[in-house]
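# Structure at a glance
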Amino acid sequence: MSAVPESFLGAAANDADAQETREWLDALDAVIANEGPERAHFLLEQLIDEARQAGIDHPFSANTAYVNTIPPDQEERCPGNLELEERLRGFMRWNAMAMVVKANRLNPADGGDLGGHISSFASLATMFGAGFNHFWHAEHEGHGGDLLYIQGHSAPGVYARAYMEGRISEEQLLNFRQEVDGKGLSSYPHPKLMPEFWQFPTVSMGLGPLMAIYQARFLKYLHARGIANTENRKVWVFCGDGEMDEPESLGAIGLAAREKLDNLIFVINCNLQRLDGPVRGNGKIIQELEGEFRGAGWNVIKLLWGSYWDPLLARDKDHVLRKIMMDTVDGDYQAMKANDGAFVRKHFFGQHPKALEMVAKMSDDDIWRLQRGGHDPQKVYAAYHRAVNHKGQPTVLLIKTVKGFGMGKAAEGKNTAHQAKKLTDDDVRGMRDRFGIPVSDEQLAKEIPFYKPSEDTPEMKYLHERRKALGGYLPHRRTKADEQLKVPPLEAFKAVLEPTAEGREISTTQAYVRFLTALLRDKEIGPRTVPILVDEARTFGMEGLFRQIGIYNPEGQKYTPVDKDQVMYYREARDGQILQEGINEAGGMSSWIAAATSYSTNNRIMVPFYIYYSMFGLQRVGDLCWAAGDMQARGFLLGGTSGRTTLNGEGLQHEDGHSHILAGTIPNCVSYDPTFAHEVGVIMQHGLKRMVEQQDNVYYYITLLNENYPMPGLQPGTEAQIIKGMYLLQDAKPKAKQPVVNLLGSGTILRESMAAKELLEGEWGVAAKVWSCPSFNELGRDGQDVERWNLLHPTETPRVPFVTQQLDKHAGPVIASTDYIKNYCEQIRAYMPKGRSYRVLGTDGFGRSDFRSKLREHFEINRHYIVVAALKSLADEGSVPAAKVAEAIAKYKLNVDKINPLYA
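Everything quoted here is computed from the prediction, not taken from an experiment.

This part takes up the overall build of the chain. Within the chain, the regular secondary structure consists of 36 helices and 18 strands. Across its three principal directions, the C-alpha atoms of the chain cover 110 × 75 × 55 Å. The buried share of the chain, taken over its 904 residues, is 57%. Taking all contacts inside the chain whose residues are at least 6 apart in sequence as the whole, residues at least 24 apart take part in 78%.

Right under this line is the structure:
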């Protein structure tokens, strides 16, 4: 730590006229003193604008001094009882610590290490206290409730508060991170695991900030469309300064500013530490974040120093102290809080004689009490008050804290703070003494007891009074919407159920658009439908919706679109229904999540339809898809231009052959790969009934095609089989002793199976039955479920998988071919009827550009390979000679020496 040079005092070294500079500064001081900071800010803005108009194009800094944004004389005073709040915080700190430490002293034979975190809540406790006591509204009459994105690693502190409130029992605290038996508490915020408590999963870092921005925007959308009054609600987002390195954390801050989301408040806990060490050891993360957020158009409030610093800063006429504050890097700030007052005196104030003189009459203990702003309840209250009353911009609070605050030598300010969960007895006693917990040494010798005052104490009365004033307790999650909506019957979608007219061809994407158009006409569900696009409406044939329902824009349409003379012109509107996210899959998914969980967050059922290139869905935003499962989302994801061989000319990064494998990893994602329009209609109408009428916690992933062909129409009676995943599309009437095969397929390649049927019957004397399998994932899940039931019920009549039921009465080998990798169809191999062979064709390998026919030949999934696979299966069982297989290979000119497409 180098000393501050004497030269920093007075005028800058390159100042050509120090007297003139002093006069300008005196004039500014006079304006501030006599007319206030707003007038001074206005004048400075005018001067800067005038300078730019004059050609001075050097950029001005987006940073302010390394001091609090709100001066002491402008702080809104906290109306609460700070003494009682401090005692309550101490109890919560203690219980949070006890919960984690007790869990990690259990079952040493079983590893004795359940994990958990103490230091994050230790740094956040004051900020949480201010919010819970004074700002965060629960849902109650006249208020929809504030939405809290809680910093994931601070979950123990939230549990500790809920325990004090009587919402969580001591038994649950004792079962922290022990959830299997249903009595424990989840490690982090997980709505799936605690469905009436946590609203949002946030510990997958970066996703919370991103989802919260689109959540705040969705509240504005609901209000603009007249669906819900959301104007008094706020979205509060707690992040760590290290978390802001995640690209998603800052990825949408421009959107928040552009749409003036003044219902959004970011609280960045700047304890200057990541999980392993300093965030910016050589720099200043707070200054960096200030520049990024202010540059993006946010209102920035910095809270760095506690009240004990105010007298020192007031005496800092020469800005000696401010200069030291600015010049000290974060790595050194961390060292200050990892040591003691003597260390701070020597290495911080010791950087300049005048600074040392300021603290000459202060003891080392006095210096140690110079806290960071995030641990000062009055200053936190003032910062929050300023944030909630700011209009026209989102606000970010950059609040400086100490990681592991109150944990003493065990963790406070140390690189190891994040991992601290097994405190020694001395460390525990140190925390007890520091926060005044009424627990004796005798009690500590037996265990680390939780502490909760009796309900008639001033502390407990105050705790409940504050939450009553704010409408109830938080966090709290609604599991079902109060309203009940009716889904249109299947007949309402006859436009996609009937066969196409002779000579007419459509794609399943067009079928989806027809279904959506019909749904939008429904008086009940239509207004609740939320089409979401990421700049591909014309690709998917959805541009007709632009004029019909409009694109949401809070400022309307200030320009005349170039295509205004066309029927389907690009129309933006304040009450537009479409969410057009631009080229932004993560944003599209975040908007979809906000709409898909609206039943919970807004007590309004919304039905989002988000369509995108299937390759740019689960692969690109898979973590968000997993979070959607955790949040019990309900809605439709549509993977357009799906499959590895349907998208001509686009190449490796656009061709999807594995999204259904990824979808299958999410337990509450129901996925389908339909071939025909009627399958799309049946699946989507059934999905609506499950998600809207029954309020089931599932969401649907449906892949769509851009390939046009005739549609055969719905065969009455097959609806339930379509939903289960498999039905007989084309039967065969084999002659006596004629070989028979069963051809399974989905998506576009089912049509290759249909063509293979004609070849087998016309050229090879083999009868073929064609099965449409809209979901190998659902078939596989059904089979696994049956296997599990049979395993656990050995004395009862075995159940039979649906695949087995369907194929049991249809003899012959089974050949499955899809536009997906082989693992997709391999899921049902175990459920073939006994004695039946099963052969799978798939698109393993990287995609590439070419015509569809060439791609299907390359991946060995076209009609010719299906024929050869069928003949080989028959030859293996002795129904046809092996020479026939060789004959077919020669007839269709298959290159037997080409490299396996997996490696090509």
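From this point on, the discussion continues.
Overall, the coordinates contain 45 aromatic pairs when judged by the stated rule. Judged by centre distance (5.0 Å) and plane angle (65°), the ring pair of Phe-266 and Trp-298 falls under edge-to-face. With Phe-266 in strand 3 (residues 264-270) and Trp-298 in the loop between helix 10 (285-296) and strand 4 (299-303), this pair connects stretches of sequence that are 32 residues apart. The exposure class of Phe-266 is buried, given its relative accessible area of 0%. With relative accessibility at 2%, the residue Trp-298 sits in the buried group. Taken together, a centroid distance of 5.6 Å and an interplanar angle of 50° make the contact between Phe-636 and Tyr-700 tilted. Here Phe-636, found in strand 11 (residues 636-640), pairs with Tyr-700, found in strand 13 (residues 699-703); they are 64 residues apart in sequence, far enough to count as distant. When sorted by exposure, Phe-636 lands in the same class as Tyr-700, which is buried. Ring-pair connections join several aromatic residues into one group, and the members of that group are Phe-121, Phe-128, Phe-132, Phe-135, Trp-136, Trp-236, Phe-238, Tyr-381 and Tyr-384. One Lys or Arg, Arg-434, reaches over the ring of Phe-405 and ends 4.9 Å from the middle of that ring.

Quick look at the pattern of salt bridges now. Taken as a whole and assessed by the stated rule, the structure comprises 50 salt bridges. Residue Arg-429 pairs with Asp-426 through a salt bridge whose shortest N-O separation is 2.3 Å. Here Arg-429 and its partner Asp-426 are both found in helix 18 (residues 425-435), three residues apart, which amounts to about one turn of the helix. For Asp-426, a relative accessible area of 54% gives the class exposed. We note a salt bridge from Glu-483 to Arg-528, for which the minimum N-O separation is 2.6 Å. Of this pair, Glu-483 sits in the loop between helix 20 (458-469) and helix 21 (494-497) while Arg-528 sits in the loop between helix 22 (508-520) and strand 6 (529-533); the two residues are 45 residues apart in sequence, bridging distant segments of the chain. One exposure class covers both Glu-483 and Arg-528, and it is buried.

Look at any regular strand and the pattern is simple: side chains alternate between the two faces of the sheet. Most of strand 4 sits inside the fold, with five of its five residues counted as buried. Because side chains alternate across strand 4, one face comprises the buried residues Asn-299, Ile-301 and Leu-303, and the other comprises Val-300 and Lys-302, equally buried. Two strands pair when backbone bridges link them, and strand 4 and strand 5 (residues 395-400) are joined in this way by five bridges, in the parallel orientation. Directly across from Leu-303, in strand 5, lies its bridge partner Ile-399.

Pairing is parallel in the open sheet, where six strands are placed in the order 9-6-10-11-13-12. Of all strands in the sheet, those bounded by a partner on one side alone are strand 9 (579-580) and strand 12 (669-672). Here two bridges tie strand 6 to strand 9, and the two strands are oriented parallel to one another. Within the sheet, the bridge partner assigned to Leu-533 lies in strand 9 and is Gln-580. With respect to the sheet, helix 24 (residues 585-596) is in contact with strand 6, strand 9, strand 10 (607-613), strand 11 and strand 13, its orientation differing from that of strand 10 by roughly 165°.

Looking at the secondary structure, you find Gln-715 in the loop between strand 13 and helix 29 (719-724). A relative accessible area of 31% places Gln-715 in the partly exposed class. Setting aside residues no more than four positions away along its own chain, Gln-715 makes contact with Leu-728 and Leu-729. Of note is the side chain of Gln-715, whose polar atom sits 3.3 Å from the backbone oxygen of Leu-729.

A word on helix 28 (residues 677-693). Between its first and last C-alpha, helix 28 extends 23 Å over 17 residues, near the 24 Å set by a 1.5 Å rise per residue. Burial analysis of helix 28 places 13 of its 17 residues in the buried class, the great majority of the element. Gln-695 occupies a position one or two residues after helix 28 and carries a positive phi of about 55°.

Quick notes on the rules
- Residues numbered from 1 in each chain as written.
- Predicted model: local features only at pLDDT ≥ 70, side-chain atom pairs only at ≥ 80, totals over all residues.
- Heavy atoms only, no water.
- Helix = DSSP H or I, 4+ residues; strand = E, 2+ residues; numbered from the N terminus.
- Buried < 20%, exposed > 50% of the residue type's maximum accessible area, 1.4 Å probe, protein only.
- Contact = heavy atoms within 4.5 Å.
- Phe/Tyr/Trp six-rings, centres within 6.5 Å; stacked < 30°, edge-to-face > 60°.
- Lys NZ or Arg CZ within 6 Å of the ring centre and 35° of its normal.
- Salt bridge = Lys/Arg side-chain N within 4 Å of Asp/Glu carboxyl O.
- Pairing = 2+ DSSP bridges.
- Axes fitted to C-alpha atoms, helices over the stretch in contact; angles between N-to-C directions.
- Polar contact = N/O pair within 3.5 Å; in protein donor to acceptor, adjacent residues only side chain to side chain.
- Expected span 1.5 Å × (residues − 1).

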